[in-house]
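# Understanding the architecture of this molecule
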Amino acid sequence: MHRAVVALLLVAPVALPARAEIRSAADCAVAVATDPTAAREAAAQWKSLGGSAEAEVCEALALEAMGAAGSAALILTRLAENPRRALPPALRVAIYEDAARLWLEDGRADLAAQVLDNLERLAPVTPARLMLRARVAAAEADWARAAETLAALLDVEPANARARALRAASLRLG
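To start, this report covers the structure provided alongside it. Keep in mind that this is a model prediction, so the values were computed, not measured. (Residues numbered from 1 in each chain as written. Predicted model: local features only at pLDDT ≥ 70, side-chain atom pairs only at ≥ 80, totals over all residues. Heavy atoms only, no water.)

By the definition in use, this model includes 1 disulfide. Disulfide pairing is shown between C28 and C58; the S-S distance is 2.2 Å. In this structure the cystine formed by C28 and C58 twists about its S-S bond by roughly 100 degrees; its chirality is therefore right-handed. Taken as a pair, C28 in helix α2 (residues 25–34) and C58 in helix α4 (residues 52–65) lie far apart in primary sequence, 30 residues in all. (Disulfide = S-S within 2.5 Å. Helix = DSSP H or I, 4+ residues; strand = E, 2+ residues; numbered from the N terminus.)

Turning our attention to unusual backbone geometry. For S52, which is not glycine, the phi dihedral falls at a positive 60 degrees. Along the polypeptide, S52 turns up in helix α4. The phi dihedral of A141 is positive, around 60 degrees, even though this residue is not glycine. In this structure A141 comes out as partly exposed when scored by relative accessible area, which is 46%. (Buried < 20%, exposed > 50% of the residue type's maximum accessible area, 1.4 Å probe, protein only.)

Over its 13 residues, helix α3 (residues 36–48) runs 18 Å from end to end, which matches the ideal 18 Å to within 8%, given 1.5 Å per residue. Within α3, the full set of buried residues consists of A39, A42, A43 and W46. The arc that holds every buried residue of α3, seen down its axis, measures 105 degrees, which confines them to one face. Turned more than 90 degrees away from the buried face of α3 sit E41 and S48, all of them exposed. Contacts from the buried residues of α3 go to α2 and α4. Positive backbone phi, at 100 degrees, marks G50, one or two positions downstream of α3. (Expected span 1.5 Å × (residues − 1). Arc of directions from axis to C-beta. Contact = heavy atoms within 4.5 Å.)

Once that is clear, we can look at the nonpolar core. Of all hydrophobic cores here, the largest spans 31 residues; its most connected members are L76, I95 and V136. Sorting the residues of this core by element identifies α4, α5 (69–81), α6 (89–105), α7 (109–120) and α8 (127–139) as the ones contributing at least two each. Looking at this core element by element, the count peaks at 9 residues for α6. Core analysis: the second largest hydrophobic core is formed by 11 residues, A39, A42, W46 and C58 among them. (Core = buried A, V, L, I, M, F, W, Y, C linked by side-chain atoms within 4.5 Å.)

In short, geometric facts, not functional conclusions.
Right under this line is the structure:
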């Protein structure tokens, strides 16, 4: 979720929170850190008042903080896949990546893979996305695909210790 919040902070004006209201990504980050449940309620109110994509990302961030990764992933997936939403390309990519990560955390590797497939039609593959792909393959116990994806990642980032460790485990389990 952190990528989407960072992307929103780059395109949204930063304001200090006023009372329990949320009207910006910066307000959201503070509110979620303070009280995720209240932040979710405030994000829903913000959304009803025209908060648009920022409000939806805020609600997802609050849900993630509350431990509801699947609900947060669903919100982000719907937001990213909605062609009528005018989102900056970098924000749409960040939202897709966060959705995939959250689906994976929720134990839904199948949905994470679908989100990554949609994302790869929009943007070139990145090392972070290769790691997500490898984690999806590992979650599905497809050790050969995980090792192959991690080998591609290590070609780009040979010092990535996390990728090396996951590749070693994939090779051992495959």
